[in-house]
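Residues per chain, in single letters:
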Amino acid sequence: MNHEETTHKMGFFERIRKKDGHEHEEHEGHSHGHREEEHEEYDEHVWTSPANAIIIAEAICEAICEADSENSMLYRSNSERFTEKLRALDKALAELMERRVRDFIVIGDRFPLMYFTKRYSLEYFAAFPGCSAQAEANPVTVANLCDKVRDEAIPVIFKVDLSSGLIAESISEQTGASVDTLYSCHVISADDFSAGETYLSLMYRNLQALEKALLQ
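Treat the numbers as computed from the prediction; the structure is a model and nothing was measured.

How each quantity is defined
- Residues numbered from 1 in each chain as written.
- Predicted model: local features only at pLDDT ≥ 70, side-chain atom pairs only at ≥ 80, totals over all residues.
- Heavy atoms only, no water.
- Helix = DSSP H or I, 4+ residues; strand = E, 2+ residues; numbered from the N terminus.
- Buried < 20%, exposed > 50% of the residue type's maximum accessible area, 1.4 Å probe, protein only.
- Contact = heavy atoms within 4.5 Å.
- Pairing = 2+ DSSP bridges.
- Right-handed = clockwise from strand over helix to strand, strands pointing away.
- Core = buried A, V, L, I, M, F, W, Y, C linked by side-chain atoms within 4.5 Å.
- Axes fitted to C-alpha atoms, helices over the stretch in contact; angles between N-to-C directions.
- Parallel < 35°, antiparallel > 145°, perpendicular 65-115°, else oblique.
- Nonpolar A, V, L, I, M, F, W, Y, C, P; charged D, E, K, R; others polar.
- pLDDT = per-residue confidence, 0-100.
- Polar contact = N/O pair within 3.5 Å; in protein donor to acceptor, adjacent residues only side chain to side chain.
- Expected span 1.5 Å × (residues − 1).

1. Quick word on the overall build of the protein
So, step 1. Of regular secondary structure, the protein possesses eight helices and four strands.
So, step 2. Shown N-terminal to C-terminal, the secondary structure of the protein runs as helices and strands in the order α-α-α-β-α-β-α-β-α-β-α-α.
So, step 3. Residues classed as buried in the protein amount to 44% of the 216 residues present.
So, step 4. Of the contacts formed within the protein by residues at least 6 apart in sequence, a portion of 63% connects residues at least 24 apart.

Printed below as a string of structure tokens:
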């Protein structure tokens, strides 16, 4: 990678960092989950925030336009249409959060959606801290999640896409809550790929799942 490419890449991630920093400052004091030990979390899934997805799409468009300037008008037109759809998605999610009856979700799984929850000031209680590499969840943590679901009459708990869902199913069996899926849009199943699923369609699945979890 040459100096120009390195500078461009660093500039892109600086935009993400500043955007995330602004959101964090805006909602200072908001907790993003309860864990047995407090420590800094990392999550590479920056695109789970539609606001970040817009930054990514625009950066990709600029790179393609530089590589093929003759067709830049077409690329920019396509990019504008796509970012309009991302803004509509962001608006729909924000409107859902305004109507929610609770401000947290329970995930019986790893949690690769930190940037999503930050975007919408949504608290989360998860079986693993972030995208932990742990093989098994702490039994105390799972018991605490079960208590949380029962005490707060939580109707839906989540697993993440392409997960076995075993922890979420166990919590469901103990509490009676149903299990649904949240998509990180990191990978995609062969069936979804064949069906033409996209970032937008998977994020709207998240919207529908969250409606059941936050409005009941």
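2. Here we look at the pairing of strand β4 (residues 178-182)
So, step 1. Two strands pair when backbone bridges link them, and strand β3 (residues 156-160) and β4 are joined in this way by five bridges, in the parallel orientation. Bridged to F158 within β4 is D180.
So, step 2. For the handedness criterion, the β-α-β arrangement of β3, helix α6 (residues 166-175) and β4 is classed as right-handed.

3. Let's talk about the nonpolar core
So, step 1. Residues M97, I105, F116, F158 and L210 are the most contacted members of the largest nonpolar core, which totals 34 residues.
So, step 2. Within the residue set of this core, elements represented by two or more residues are α2 (50-67), α3 (72-99), β1 (104-107), α4 (114-119), β2 (123-126), β3 and α8 (199-214).
So, step 3. Of all the elements, α8 adds the most residues to this core, at nine residues.
So, step 4. If near-sequence neighbours (up to four positions away) are discounted, F116 is found in contact with T48, S49, L93, M97, L122, M203 and L210.

4. What about the packing of α2 against α3?
So, step 1. Across the interface, α2 lies against α3 with an axial gap of 9 Å and an inter-helix angle of 175°. Considering their axes alone, α2 and α3 lie roughly antiparallel with respect to each other. Mapping the contact onto sequence places P50, A53, I54, A57, E58, C61, E62, I64 and C65 in α2 and S72, Y75, R76, S79, F82, T83, L86, R87, L89, D90 and L93 in α3.
So, step 2. For the contact of α2 with α3, the class distribution of residues is twelve nonpolar, three polar and five charged.

5. Thoughts on the packing of α3 against α8
So, step 1. Viewed as axis vectors pointing N to C, α3 and α8 meet at an angle of 5°, and their least axial separation amounts to 10 Å. Comparing their axes, α8 and α3 come out roughly parallel. Contacts between α3 and α8 pair F82, K85, L86, A88, L89, A92, L93, L96, M97 and R99 from the former with Y199, L200, M203, Y204, L207, L210, E211 and L214 from the latter.

6. Considerations on the confidence of the model for the protein
So, step 1. Looking at the protein, the pLDDT average stands at 86 and 78% of residues meet or exceed 70.
So, step 2. Overall, residues 22-38 carries pLDDT values under 50, and its contacts beyond four positions in sequence, including any with other chains, amount to 26 contacts.

7. Concerning the environment of D109
So, step 1. Its place among the elements puts D109 in the loop between β1 and α4.
So, step 2. Residue classification places D109 among the buried positions, given a relative accessible area of 6%.
So, step 3. Between the C-alpha atom of D109 and that of G165, which follows or precedes it by 56 residues, the distance is 7.1 Å.
So, step 4. Apart from residues no more than four positions distant in its own chain, D109 is found in contact with A126, A127, F128, F158, K159, V160 and S163.
So, step 5. Polar side-chain contacts of D109 include one of 3.1 Å to the backbone nitrogen of V160.

8. Considering helix α5 (residues 139-151)
Helical geometry: 3.6 residues make up each α-helical turn, so side chains three or four residues apart lie on a common side.
So, step 1. Along its 13 residues, α5 runs 18 Å from first to last C-alpha, staying within 8% of the 18 Å computed at 1.5 Å per residue.
So, step 2. The opening residue of α5, the one whose side-chain oxygen lies 2.8 Å from the backbone nitrogen of V140, is N138.

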